[in-house]
Amino acid sequence: MQGNALRVLRQLGVWDEVAATGYAFNTVGLRAPDGALLVEMEDVRTGGPDLPATVGMYRPTLARILADAAAAAGAKLRYATTVRSFSQDADGVDVTFSDGTVSRYDLVIGADGVRSRVRSLLGIELETRPTGMGIWRVFTSRPDSVTRTDLYYHGACYIVGYCPTADDSLYAYLVEDVQDRTRLTPAQRLEVMRALAAHYHGPWDDIRDRMTDPGTINYTRFESHLLQPPWNRGRVVLIGDAAHTCPPTIAQGAAMALEDAAALADVLLAADRLDQDAFDAFTARRYDRVKTVVAESVQLGQWMLDGVEGNVAALMGKVMAVVSQPA
Ligand SMILES: Cc1cc2nc3c(=O)[nH]c(=O)nc-3n(C[C@H](O)[C@H](O)[C@H](O)COP(=O)(O)OP(=O)(O)OC[C@H]3O[C@@H](n4cnc5c(N)ncnc54)[C@H](O)[C@@H]3O)c2cc1C
């Protein structure tokens, strides 16, 4: 998570816990496949000078911190059920859950990810396009050699990197041409990822040694979509990946989702009533910023797929300038 995501977490009052459990760093490295460090750069602090540039964190740890904070603030959390259907009138939304219960709400927020059920229940057609890349990921213990993200842009894969997620853990990845890997057994997945990783050295030698458990390997494809405004239909609104998703080439997806939530909360708290003006104010605040992140994240991957030497520095500079602004 980059600084602009951390800014939202600080606003939510969970920054101290995130800082204590995640792994913060302020530089990024570029390495050659043989492990040689080519460049070390100060990373942009998009959340301002008093927040780190990046915090790596195990996703379930962040989910627990956020769920605890929501419960402490009075939210009622219900697990093991989902929305089956809903109907709405001018004053509220009646939601039927899969456990058979029905409740009425002033507002329904679909923050249910890239394949949002809420979005499909609204009848919104949104084509989620594969970008052409697939990513192998492993979650394992952190060797001393990994203290920040280093990226490798050459060799057998398009992008290779790693990110410490706590003192004792990291996540590492290799990006290739997307292909159907569904038929591989877990053991074969481990074998394929280890074979690709064998092209990379330096800290990757330590990471590869730790890649022994097939259960820690994940393969998924990069995708993208962007919903035109408005992001609501009546009193049901979509945020985060449900409304926009991008390949993680710039690693801004979680920040965009967190910023959506914060902006929606701001707009709702400032509004006298829940009407289309409030929803329009929300999307007006979010759309251009999200559009820039989605378009440039796709562009960065496309240059690699096409073998084009694009102006990466200018692209990154543009995105960092946009996301450094208050959301
Ligand atoms: C390979 C990869 C790497 C990434 N790396 C980064 C990165 O380094 N940094 C970054 O900022 N972003 C990254 N992203 C993007 C980031 O993961 C997403 O943008 C972010 O998680 C979106 O948050 P969200 O809350 O909108 O959706 P999600 O995180 O997908 O959360 C949706 C939630 O809704 C739940 N849900 C789904 N359907 C239902 C249902 N029907 N009923 C009830 N619950 C439901 C899901 O279980 C989930 O908990 C990456 C994405 C990918 C694919």
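This text goes with the structure placed above it.
Residues numbered from 1 in each chain as written. Predicted model: local features only at pLDDT ≥ 70, side-chain atom pairs only at ≥ 80, totals over all residues. Heavy atoms only, no water.

How would you summarise the overall build of the chain if you had to cite specific residues and measurements?
Secondary structure summary: the chain contains nine helices and 16 strands in total. In terms of C-alpha radius of gyration, the chain reaches 21 Å, essentially the compact-globule figure of 20 Å for 327 residues. With the C-alpha coordinates of the chain rotated into their principal frame, the extents come out at 60 × 45 × 40 Å. Relative to its 327 residues, the chain shows a buried fraction of 45%. Restricting the contact set of the chain to residue pairs at least 6 apart, pairs at least 24 apart contribute 69%. If the 32 positive side-chain charges of the chain are averaged to one point and the 41 negative ones to another, these points end up 3 Å apart. (Helix = DSSP H or I, 4+ residues; strand = E, 2+ residues; numbered from the N terminus. Rg over C-alpha atoms; globule rule 2.2 N^0.38 Å. Buried < 20%, exposed > 50% of the residue type's maximum accessible area, 1.4 Å probe, protein only. Contact = heavy atoms within 4.5 Å. Lys, Arg positive; Asp, Glu negative; His and termini not counted. Charge placed at Lys NZ, Arg CZ, Asp CG, Glu CD.)

Explain the sheet that holds strand S8 (residues 108-110) to me, and be specific about the residues and the numbers.
Read across the open sheet, the three strands follow the order S8-S15-S14; overall the sheet is mixed. The open sheet terminates on both sides in strands that have one partner only, identified here as S8 and strand S14 (232-233). Looking at chain direction, S8 and strand S15 (residues 236-238) are connected through three bridges and run parallel. Note on S15: the bridge partner recorded for Val108 is Val236. (Pairing = 2+ DSSP bridges.)

An account of the nonpolar core is requested, with residue identities and associated values reported.
Counting residues in each nonpolar core, the largest one holds 47 residues, and the members touching the most others are Phe86, Trp231, Leu238 and Phe282. Within the residue set of this core, elements represented by two or more residues are strand S5 (83-88), strand S6 (93-97), strand S9 (129-140), strand S12 (169-177), S15, helix H7 (253-270), helix H8 (276-306) and helix H9 (312-324). Of the residues forming this core, the biggest block, ten residues, is contributed by H8. Those residues in contact with Phe282 that lie beyond four places of it in its chain are Trp231, Val237, Leu238, Ile239, Asp260, Ala263, Leu264 and Val267. Formed by 20 residues, the second largest nonpolar core is a distinct cluster that contains Trp136, Leu196, Trp204 and Met211. (Core = buried A, V, L, I, M, F, W, Y, C linked by side-chain atoms within 4.5 Å.)

Describe the site of the ligand, and please don't skip the residues or the numbers.
The full set close to the ligand counts 19 residues, and Arg59, Thr82, Asp241, Gly253 and Ala254 are the nearest of them. At 3.3 Å, a backbone N or O of Ala251 approaches an oxygen atom of the ligand. Counting residues per element, the shell around the ligand draws most heavily on H7, which supplies four residues. For the shell around the ligand, the per-class residue count stands at eight nonpolar, six polar and five charged. (Near = heavy atom within 4 Å. Polar contact = N/O pair within 3.5 Å; in protein donor to acceptor, adjacent residues only side chain to side chain. Nonpolar A, V, L, I, M, F, W, Y, C, P; charged D, E, K, R; others polar.)

Which residues make up the sheet that holds strand S2 (residues 27-31), and what values go with them?
Backbone-to-backbone hydrogen bonds pair the strands of a sheet. The strands run either parallel or antiparallel. Strands sit in the order S3-S2-S10-S11-S12-S9-S13-S16 across an open sheet of eight strands; the sheet is mixed. The two strands at the open ends of the sheet, each matched to only one other strand, are strand S3 (37-42) and strand S16 (244-245).

Let's hear about the pattern of salt bridges: which residues, and what values?
Should the charged atoms of two oppositely charged side chains come close, the side chains can pair. In the structure shown here, the tally under the stated rule is 20 salt bridges. A salt bridge links Glu40 to Arg148; the nearest nitrogen and oxygen atoms lie 2.6 Å apart. Of this pair, Glu40 sits in strand S3 while Arg148 is found in the loop between S9 and strand S10 (149-152), placing the two residues 108 residues apart along the sequence. According to the relative accessible area criterion, Arg148 is buried, its value standing at 9%. Of the charged contacts in the structure, one is a salt bridge between Asp205 and Arg208, with a shortest N-O distance of 2.5 Å. Taken together, the residues span about one helical turn, with Asp205 and Arg208 both in helix H6 (residues 203-210) at a distance of three residues. A relative accessible area of 25% places Asp205 in the partly exposed class. For Arg208, a relative accessible area of 13% corresponds to the buried category. Shared partners join several salt bridges into a network, and the residues in it are Arg31, Glu40, Arg148 and Asp150. (Salt bridge = Lys/Arg side-chain N within 4 Å of Asp/Glu carboxyl O.)

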